[in-house]
Amino acid sequence: MPRLSREARHPVTIILNGKRASGYAEPRLLLVDFLRREIGATGSHVGCEHGVCGACTVRVDGKAVRSCLMYAVQADGRRVDTVEGLGDDSSDLTALQSAFRREHALQCGYCTPGVLMSISDFLERNPKPTETEIREMLSGHICRCTGYAGMVRAVLDVVSNGGAAESPKSE
Amino acid sequence: MTQGHPQSEKFVGQPVERLEDAALLMGRGRYADDLPIRVGTLHGAILRSPHAHAEIVSIDTSEAEARPGVVAVLTGDEIKELTDPFIMVLKLPLQHWSLAVERVRFVGESVVLVVAEDRYQAEDALEYIKVEYKPLPVAVDPRDAAKEDAPLIHPAAGTNVVSVRNFNYGEPDKAFAEADHTVELTIEFPRNSQTPMEGYVVVADYLPGNNTYDVLANFQGPYTVHPVMARSLRVSGSALRIRTPQDSGGGFGVKQAIFPYVTLMSTASKIVGRPVKWVEDRLEHLSAAVAAPNRVIHLEAAVTKDGKVTAFRFDQLDDYGAYLRAPMPGPLYRPHGCLTGPYFIPNLSVTNRLVLTNKTPSGMVRGFGCPQMYFAIERVMQCIAVELDLDPLDVISRNLIPAGSFPYRSAAGAIYDSGDYPKALEIAVEEGDLKELKERRDKARAEGRLYGIGYCAVIEPGQSNMGYLSTILTAEERRKNPKGGSVSQVTVNVEPLGGVSVTADCMPQGQGQGTALAQIVADELGLKPDQIRVNLEHDTQKDAWSIASGNYSSRFVSSTAIAAHRAAQKVRAKLATIAAQSLNVSEEKVSFGGGQIFATENPDNAIKFHRAAGAAHWHPGSLPTELEAGVREIGVWAPPELDSPSDSDRINTSLTYGFKIDYCGIEIDPDTAEVRIDKYVTMHDTGKMINPLLVRGQIEGSFGWGVGIALYEEFVYAEDGSFLSGTFADYLCPTACEVPKPVILHMETPSPFTPLGAKGIGEGNCMTVPVCVANAVSDALDVRDVRVPLTPARVSAMIHGEEAAPPAGRAAPAAKAEGAGRALAGEGTTLVPAAPEEVWKTLLDAEKLAAVIPGCHRLDVVGDNDYRAEVTLGVGPVKGRFQASVRLAELDAPRSATLSGGLDGPLGSSRGSGRVRLEARDGGTEVSYTYTVEVTGKVAAVGGRMLDGATRMLVRQFFERLAAQVGGPPVHESWWTRLLRALGIGQ
């Protein structure tokens, strides 16, 4: 990695949800601040700034990470996937997103983007989790609205119907 | 209605999926921090008090003003000059401003605002502000603060107990005199908050042309606070435009207390002539936003020998922290009408005392005074069962208000609208299978496990009477300015192509109210919910609002929802008139359904909805003469049942009163003292449900928080007022592993006081879960004094007694130094390869000392052996600049000295002292030291878990550098030598 100057703004290019996105970042600019303010991808939210709540979770090269614990310059040249990349428009929610709506797994929706990114990563690695495993995975996120009940139902629902990524069959 | 025609499809009462969700699930929500800001907008960062109580001696902002990007720095002086103190509910000689003026009264209080080009620069500049404080004695515990000789939080008030009121209903003294038993209990309810995941956001823009403030804020109401903000800014209400965003990342009452920041950022914008934006961070939120008041309640019950309660006597001490911000003391008075719970108790005596302490000001938090109150009531009901050897559920059952008594006027004046409590209890027992739970308990106990069952029954008030707070005044004081009622307003608009849009006076934070409004309006107009566009951005200069507007007190279903119903009815009536003319039938014989308006008796005689609406726009001349052009109707709803308090202090505090009865089984692990909720049953009568899906969401969500209150959540303060819960690693929110699935049961007894029959449901389970779990723990361990949160440490003490003090040794918590909070003590030894005289000289030489003090940039001599230094130090994730003072005293050359001093900076303050001894050994010197350090401020709040280690490391660094300074590396002891010494073997 090239040596970065503390005061300077460095060009950073990421592959955001499959498309190139570029901006400038001081070395200390957090990835989440870069996404929100520099790129304008405001779907990822900041909940605690210390890596506990999970609201800012995005996927970097496929792996779920806290974007409040990573600098933008560390993401340079890498693939970053955020909630904005999950579905295209309201008629085309993924199975996971649809299950969230059906099971009332979100209320204020602030923690939801991070939760969705963690689940997406998790289900790729563990497509048939038990409820206990789902709860353990969700324990990396704090939600203050729902008591998690709807989230657990939604994930169980997706698991029993075959996967998170594909769009639901039209009714 | 014609069978089979689309008009038969109704949506109210159906579990309609939320219209809000698609955007939120795609990351396309529109939260306050997501919205565009004007080019040139500046960003604020706030320097906060590290002290619980101190005089501000001086503030030097000159260095900060010179930092890159800084545009302005505001202190209490500017705020005092440009604004007025916030008005309060009580007329008291206390002043509260948006920045501390002359004195700080809690850790986290705003002291200085830096406005800079970006947030990072604004935060950088905070480090260069020098504030000199003179610490004052603190009052932290409410009972201590209420004592005569307590330090005064506001000396002008002359006392910390700023309001005392006594109430008597019925004949409580007679009832107690005649009672077979008196059962009494004192409970302490902790400080906590539901801490929304999104913090406060304010963007303030002062418009000089007409002296108006345009403010975007994720405020949630009530708009009783709007005049508080406007008055503080010295403008009329119409000159303070408050806009709220479409989406808000959780509220739970908490986003009411954003108002001081609206004033602060507005004032900053006026000074700098540009918009100013501020986004609260998590530490700011936890330490300084808001907390539900902690409360001490002594409750006595007069009881007959068969367990019937004839009177309650409450003595309540409610802790409001450092300032009484509007609408405080709401939590003490909002449930006033419900002080006898769901029980037939005609006699009631109440003493309410408000106390101020050196803690974060209390405010609105979900439950709003009820979790505290029901914790006392339902703990006492259980104690009655234990003392009289009755079944706890029988005690509840015997005292419930009988069926057929509604509307029922409670002792303190609440008009319980409807219900059948005994039937609800029966359903809960049967459908929740209490029998099986009892068998589970018996089996567990037979195996020697710690298992208990708890019960509770509560009334959930919905939609506050805006006059309830005046109960705190005497009847005579009230007569001058009577207050009561609750107004809500909704606008339904039909545009020229027949599209329907709705705006309303609510600011939902996730409750799905947009969906509920769409259901209500769709039903009236014969449309589908997804054909209704609900825009819940609110703008005080453009939308209808009144003081009751907002989202709080579980008011929506009986307030805004009804206003929407009325607005839709007006639209329907207008369109029915238009349609009737073209269908050639009378208005009463017109129906709406399937996007059509048709003759009820001949559905084929129909006109499309959009055609009827279009006529009012495209050809108003064709309308019947009594109709105005356009289709835009405002529905207003002000229920008559919400009157001001009577001369005998009886007050109908809320409009609707739901009923809930819960029970649970818990098991305690005897080794870890962890409480596991094995089964939880919660039974609700919330009247008619507008959307059962949303109702379930409210129950599951309030249940989750209830688990947090019961087992984990508390804002902890040290005895010196230090705040110790500044991160989500310290303030523990339950996760998916800790919140079990509750069994949810329902019955529906419609409210007669609201046209849709629905009752508020937004808060319920945070009122029941804490006491239900506490009752179960009491049952499991046969203990009477149960405090929440039931952390393992607390439960362990209940099982095994208090833990013994740790053995004396390195870095153990210090034995209470005076007023100590986060106090640390330790000792150590270093071998230095130089003679004691050499070491001694170094300690007394300013230049050499500068090199010894870790992180020192600069050292000035201010007196004999008295120094001031600037240092940069870090603890865990935080690092910052401090002003250090170092003094050497009790000099006994070259053998021993006392080093004392302190650190002050934006990250906090510390005071400490230590004794250093020098002893010649093996041609060098053995330097041994003991120290005690107290830490407060940000470092204590976020770094609690690391402080001990960090302090030890810093002290050790000091002595290592001392060794280096006198000519060589210190002789490191091996871990083996240390172990031997620790065991008392070796030297």
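The rules behind the values
- Residues numbered from 1 in each chain as written.
- Chains lettered and ligands numbered in written order.
- Predicted model: local features only at pLDDT ≥ 70, side-chain atom pairs only at ≥ 80, totals over all residues.
- Heavy atoms only, no water.
- Pairing = 2+ DSSP bridges.
- Helix = DSSP H or I, 4+ residues; strand = E, 2+ residues; numbered from the N terminus.
- Axes fitted to C-alpha atoms, helices over the stretch in contact; angles between N-to-C directions.
- Salt bridge = Lys/Arg side-chain N within 4 Å of Asp/Glu carboxyl O.
- Buried < 20%, exposed > 50% of the residue type's maximum accessible area, 1.4 Å probe, protein only.
- Contact = heavy atoms within 4.5 Å.
- Buried area = accessible area lost by both parts, 1.4 Å probe.
- Polar contact = N/O pair within 3.5 Å; in protein donor to acceptor, adjacent residues only side chain to side chain.
- Domains from an automatic or database assignment.
- Nonpolar A, V, L, I, M, F, W, Y, C, P; charged D, E, K, R; others polar.

S.K.: Quick question: what am I supposed to make of the sheet that holds strand β20 (residues 500-504) of chain B here?
M.R.: All names here are of chain B. Taken in spatial order, the four strands line up as β21-β20-β19-β26 in an open sheet, and their pairing is mixed. A strand with exactly one partner marks an edge of an open sheet, and here the two such strands are β21 (532-534) and β26 (632-637). The sheet shows a mean angle of 20° between the axes of neighbouring strands, direction not considered. Note that strand β19 (residues 488-494) and β26 share six bridges and pair antiparallel. Bridge assignment links V490 to a residue of β26, and that residue is G635.

S.K.: Honestly, the pattern of salt bridges in this entry has me stumped. Any pointers?
M.R.: Think of it this way: side chains of opposite charge can pair up when their charged atoms draw near. All names here are of chain B. Applying the stated criterion to the full structure yields 75 salt bridges over all chains. For the salt bridge of D214 with R241, the shortest nitrogen-to-oxygen distance reads 3.7 Å. Pair noted here: D214 is in strand β10 (residues 212-217) and R241 is in strand β11 (residues 240-244), with a separation of 27 residues, a long-range link. Here D214 falls in the buried class, since its relative accessible area comes to 14%. Residue D319 is joined to K359 by a salt bridge in which the shortest nitrogen-to-oxygen separation is 2.4 Å. Residue D319 is found in strand β14 (residues 309-319), and its partner K359 is found in the loop between β15 (347-355) and α11 (370-387); the two are separated by 40 residues along the sequence. Each member of the pair, D319 together with K359, is buried. Each of E436, R440, K443, E447, R449, E667, R676, D678 and K679 takes part in one network of salt bridges that share partners.

S.K.: What is the right way to look at the interface of chain B and chain A in this model?
M.R.: When the parts come together, some accessible area is lost, and that loss is often what is quoted as the size of the interface. Listed per partner, the contact involves 48 residues of chain B and 51 residues of chain A. Summed over the three residues of chain B that lose the most area to chain A, namely L25, Y120 and M197 of chain B, the buried surface amounts to 20% of that side. Taken together, the connections running from chain B to chain A amount to eight salt bridges. Here K741 of chain B and E131 of chain A are joined by a salt bridge, their closest N and O atoms 3.5 Å apart. For the interface between chain B and chain A, the tally reads 26 residue pairs in polar contact (both at pLDDT 80 or more). Elements that contribute at least two residues to the side of chain B that touches chain A include exactly α1 (21-25), α4 (119-126) and α19 (692-711) of chain B. At nine residues, the largest contribution of residues to the side of chain B that touches chain A is made by α19 of chain B.

S.K.: Which parts of the structure should I look at to understand unusual backbone geometry?
M.R.: Glycine aside, residues mostly have negative phi, and peptide bonds are mostly found in the trans state. All names here are of chain B. In this model, F406 is joined to P407 through a cis peptide bond whose omega is -5°. Mapped onto the secondary structure, P407 falls in the loop between α12 (392-399) and β16 (408-409). For the peptide bond that leads from V788 to P789, omega is 0°, which places it in the cis range. Its location among the elements puts P789 in the loop between α20 (764-781) and α21 (792-800).

S.K.: Just checking my understanding: could you explain the domain arrangement of chain A for this structure?
M.R.: Residue and element names in this part refer to chain A. On domain assignment, one finds that chain A holds domain 1 (10-84) and domain 2 (95-160). Its C-alpha centre places domain 1 at a distance of 21 Å from the equivalent point of domain 2. Taken together, the contact between domain 1 and domain 2 spans 18 residues of the former and 14 residues of the latter. Taking both partners together, domain 1 and domain 2 bury about 1,200 Å²; carbon and sulfur atoms supply 56% of that area. By the criterion of area lost to domain 2, the three top residues of domain 1 are H45, R59 and V83, representing 42% of everything that side buries. Where domain 1 meets domain 2, there are two salt bridges. The shortest N-O distance in the salt bridge between R59 and D121 comes to 4.0 Å. Put simply, the parts of the chain that give the side of domain 1 that touches domain 2 at least two residues each are β3 (57-60) and β4 (63-66). Counted by class, the side of domain 1 that touches domain 2 contains seven nonpolar, seven polar and four charged residues.

S.K.: Help me understand the environment of T951 of chain B in this model?
M.R.: All names here are of chain B. Along the chain, T951 falls in helix α24 (residues 938-965). The buried category is assigned to T951, whose relative accessible area is 9%. Taking the C-alpha atoms as reference points, T951 and V935, separated by 16 residues in sequence, lie 9.9 Å from one another. Once you skip the residues sitting within four places of it in the chain, T951 turns out to touch L824, Y931 and V933.

S.K.: Honestly, the sheet that holds strand β13 (residues 295-303) of chain B in this entry has me stumped. Any pointers?
M.R.: Backbone hydrogen bonds are what pair the strands of a sheet, in a parallel or an antiparallel way. All names here are of chain B. In spatial order, the strands read β7-β15-β14-β13-β8; together these five strands make up an open sheet with mixed pairing. Of all strands in the sheet, those bounded by a partner on one side alone are β7 (161-169) and β8 (181-189). Strand-to-strand twist of the sheet, defined as the mean angle between neighbouring strand axes without regard to direction, takes the value 10°. Taken together, the nine bridges between β13 and β14 define a ladder with antiparallel strand orientation. When the bridges of β14 are listed, A301 appears paired with F312.

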